[in-house]
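# Close look at the chain arrangement
These are the residues of each chain, in order.
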Amino acid sequence: MMRLLLSIFLALTASAMPAQTARKFSVNITPDGRANMTVYLPQQPTGRAVVDCPGGGYSHLSMQNEGHDWAQWFNQQGIAFCVLTYRMPNGDRSIPVGDAQQAIRTVRDSAALWGVNPYDVGIMGFSAGGHLASTVSTHSEYDCRPNFTILFYPVISMNERETHSGSVNGFLGKGKTDQKLVREFSSQNAVRRHLTPPAIILLANDDRAVPPVTNGIAYYSAMRRQGNECSLHVYPAGGHGFGFRTSYAFHDQMLADLAAWLNYHKAPRQDAVRVACIGNSITDGHGIDMNDVKAYPGQLQQLLGSGYQVRNCGVSARTLLNKGDFPIMKELAWRDALAFKPDVAVIKLGTNDSKPENWKHGREFESDLMQMIDQLCPMEPVLNKKGKPTRKMQRSTKTRIILCTPIPAYKPSWNISDSVITSEIIPVIEKVAQREHLQVVNLHALFNDNDGQQMQKDGIHPTEKGDAQIARAVYDAILKKK
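This text gives an overview of the structure that appears in the document.

Criteria and thresholds
Residues numbered from 1 in each chain as written. Predicted model: local features only at pLDDT ≥ 70, side-chain atom pairs only at ≥ 80, totals over all residues. Heavy atoms only, no water. Pairing = 2+ DSSP bridges. Helix = DSSP H or I, 4+ residues; strand = E, 2+ residues; numbered from the N terminus. Axes fitted to C-alpha atoms, helices over the stretch in contact; angles between N-to-C directions. Contact = heavy atoms within 4.5 Å. Core = buried A, V, L, I, M, F, W, Y, C linked by side-chain atoms within 4.5 Å. Buried < 20%, exposed > 50% of the residue type's maximum accessible area, 1.4 Å probe, protein only. Expected span 1.5 Å × (residues − 1). Disulfide = S-S within 2.5 Å. Salt bridge = Lys/Arg side-chain N within 4 Å of Asp/Glu carboxyl O. Parallel < 35°, antiparallel > 145°, perpendicular 65-115°, else oblique. Left-handed = near helix turned anticlockwise from the far one by under 90°. Phe/Tyr/Trp six-rings, centres within 6.5 Å; stacked < 30°, edge-to-face > 60°. Lys NZ or Arg CZ within 6 Å of the ring centre and 35° of its normal. Right-handed = clockwise from strand over helix to strand, strands pointing away. Polar contact = N/O pair within 3.5 Å; in protein donor to acceptor, adjacent residues only side chain to side chain.

## Digging into the sheet that holds strand β6 (residues 148-152)
Spatially, the 8 strands line up as an open sheet ordered β1-β2-β4-β3-β5-β6-β7-β8, and their pairing is mixed. Single-partner strands in this sheet number two, and they are β1 (21-28) and β8 (230-235). Strand-to-strand twist across the sheet, computed as the mean angle between neighbouring axes with direction ignored, equals 15°. Summarising the sheet, β6 and strand β7 (residues 199-204) pair through 4 bridges and their orientation is parallel. Each bridged residue has a counterpart across the sheet, and for L151 the counterpart in β7 is I201. The sheet strands contacting helix α5 (residues 128-139) are β3 (49-53), β5 (121-126) and β6, and the helix crosses β5 at an angle near 145°. Contacts between helix α8 (residues 216-226) and the sheet are confined to β6, β7 and β8, with β7 contributing the most and set at about 155° to the helix.

Put into structure tokens, the structure is as follows:
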């Protein structure tokens, strides 16, 4: 009887204890092992993972206070924690950046084995490690760009007059006199709407090593201006480098703030239907505050719910025409759309193509639209009964494409022509859709501004209410069977 009671007591005690590390091991990032990760996997994984970049001014690494000391806390949250030992740049910025990018790839490649959701891999950095984390967040292609960013008292600027000079010397070396490089790798200048992942910034007001206003707060301001989600926590005191020190006066509050932010940002389900919204400024959400949420793709996400993952791949002023002034297929957002491997691709282009300077190439609109369709949904061989490819070709069924017509242009702003849209562009879209058996959403016919509150003053861009019309129309199309 006593043995049974003891067993029950031990079981209850174990269940009441916070989850701890289940497994710890090291993974090489480079063949020589100079760049590596120490991986801490939690006992009760949520699927989330964080790659940690310790600071050290790009001359050394603060591996304990800004690295391994965090492992238990993250594992208690069910988060896999990977402490990155990255190589020092010594003026060659590609070295640490490449190490951090490879670390993100390694976690995603190992997702199934490590119990990680590949759509929920974040990066965390302290001081110069914060600059590395922000650089990876703003300069990387889709495959190695994190899903979220955690920045502690980060170096953001590469201008020696407003940041930590040692980090500038280490990262840029002789390039610190090149103003183009200084601007490019001052991360606040590299923030991109919809592409730079959500971030949380935590720092102390009295940090004299890395001035908050020209670094962490500058990054927050850039994110907010672009409409990207970003949170900022400035504690009254603590200076620079407090890391995980329990002696830090705001240690508990800082952990609570970070935990609350992580809990607020729920990851998309791994089995969610992926929807890529490809378009121009109307998709992007021009003129709408916090457009990452309030533009039509963000509203579409809210309508579709957790079973879908919607990605905004819109860029202002872009054309479908490859000879237009700003072709969408030359943009990072287009490469993101392809790398995202969407189950559904919603294409809404043509407004900017209607400008005379662009429509002079209008005879190529159909072929350029077909190029876009072919890249999203390529032709592939038909298989015979034995599963072997034949000479016959058919379009892949992996991506469902929905074509949207432009909405009405109520004013000829920026030389946009509604007559070209209605008489020339929409017929081409409908022709391609009929031939390729694609869905069409005729937004030109469905959209209205009857109450005068659906359009902005320029007569081209919808308001948040107008975008709700577009979101509803696309939502209905997605749920409707072809």
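Still to come is the rest of the account.
## Remarks on the nonpolar core
One recurring pattern in soluble globular proteins is that nonpolar side chains are buried together. Within the largest apolar cluster, 79 residues are counted, with the highest numbers of intra-cluster contacts made by M37, W70, F74, I150 and F152. The residues touching F152, leaving out its near neighbours within four places in the chain, are W70, M124, G125, F126, S127, L202, F242, M254 and L258. If you look at the next biggest cluster of nonpolar residues, it comprises 39 residues, including A276, C313, L349 and A409.

## Details of the pairing of strand β9 (residues 273-279)
Along β9, 6 of the 7 residues are buried, which leaves the element largely enclosed by surrounding structure. As judged from the 7 bridges shared by β9 and strand β10 (residues 308-314), these two strands associate in the parallel manner. If you follow V273 over to β10, its bridge partner there is Y308. Across 5 bridges, the pairing between β9 and strand β11 (residues 344-348) is parallel. Directly across from A276, in β11, lies its bridge partner A345.

## Considering the sheet that holds β11
An order of β10-β9-β11-β14-β15 is seen for the 5 strands of this open sheet, with the pairing classed as parallel. Where the open sheet ends on each side, the last strands, each with one partner, are β10 and β15 (439-441). The sheet shows a mean angle of 20° between the axes of neighbouring strands, taken without regard to direction. Relative to the sheet, helix α12 (residues 296-304) contacts β9, β10 and β11, its axis offset from that of β10 by approximately 175°.

## With respect to helix α16 (residues 418-436)
If you check α16, its first and last C-alpha atoms are 26 Å apart, about what 19 residues at 1.5 Å a residue would give, namely 27 Å. Those residues of α16 not exposed but buried are V420, I421, I425, I426, V428, I429, V432, A433 and E436. With its phi angle positive at about 60°, H437 sits one or two positions after the end of α16.

## Details of the state of the cysteines
Inspection of the entire model under this criterion finds 0 disulfides. There is no disulfide at C313, and the cysteine sulfur nearest it, in C277, is 7.6 Å away.

## Describing the pattern of salt bridges
Tallying each qualifying case throughout the model produces 15 salt bridges. Among the ionic pairs, R105 bridges to D143, the shortest N-O distance being 2.8 Å. In this pair, R105 is assigned in helix α3 (residues 94-109) and D143 in the loop between α5 and β6, connecting sequence segments 38 residues apart. What makes R105 partly exposed here is its relative accessible area of 25%.

## Overview of the packing of α3 against α5
Put simply, α3 and α5 touch, their axes get as near as 10 Å, and they point 70° apart. With respect to each other, α3 and α5 are oriented roughly perpendicular. Here α3 and α5 pass one another in a crossing that is right-handed. Here P96, V97, A100 and Q101 of α3 lie close against α5, whose contacting residues are L132, T135 and V136.

## Looking at the packing of aromatic side chains
Under the definition given, this model contains 22 aromatic pairs. Aromatic rings pair up to connect W70, W73, F74, F81, F126, F152, Y153, Y235, F242, F244, Y248 and F250 into one cluster. Seen from the ring of F25, R23 lies directly overhead, with NZ or CZ sitting 4.2 Å from the centre. The ring of F340 has R311 lying over it, and the distance from NZ or CZ to the ring centre is 6.0 Å.

## Things to note about the pairing of strand β4 (residues 80-85)
For β4, a buried count of 5 out of 6 residues is recorded, marking the element as mostly surrounded by other parts of the structure. Two strands pair when backbone bridges link them, and strand β2 (residues 36-42) and β4 are joined in this way by 5 bridges, in the antiparallel orientation. Bridging across to β4, M37 finds its partner in L84. Across 4 bridges, the pairing between β3 and β4 is parallel. Counted as the bridge partner of A49 is A80 from β4. Crossover handedness for the path β3 to helix α2 (residues 71-76) to β4: right-handed.

## What about the packing of helix α15 (residues 365-376) against α16?
Helix-helix packing: each pair is described by the crossing angle between the helix axes and the interaxial distance. It is the contact of α15 with α16, at a shortest axis distance of 10 Å, that shows an interaxial angle of 45°. As far as their axial angle goes, α16 and α15 are oblique. Between α15 and α16 lies a crossing whose hand is right-handed. Residues F365, E366, L369, M370 and I373 of α15 lie in contact with α16, whose contacting residues are I425, V428, I429, K431, V432, R435 and E436.

## Here's the deal with helix α13 (residues 332-339)
Inspection of α13 places L332, A333, W334, D336 and A337 among the buried residues, and these make up the whole buried set. Against the buried residues of α13 lie β9, β10 and α15. Directly after α13, the chain includes K341, whose backbone phi takes a positive value near 50°.

## Some thoughts on the environment of D343
Among the structural elements, D343 can be located in the loop between α13 and β11. For D343 and G279, which are 64 residues apart along the polypeptide, the C-alpha to C-alpha distance reads 17 Å. Residues within four places of D343 in sequence aside, it is in contact with A272, V273, R274, K398, T399 and R400. Here the side chain of D343 touches R274 through a polar contact of 2.8 Å, landing on its backbone nitrogen.

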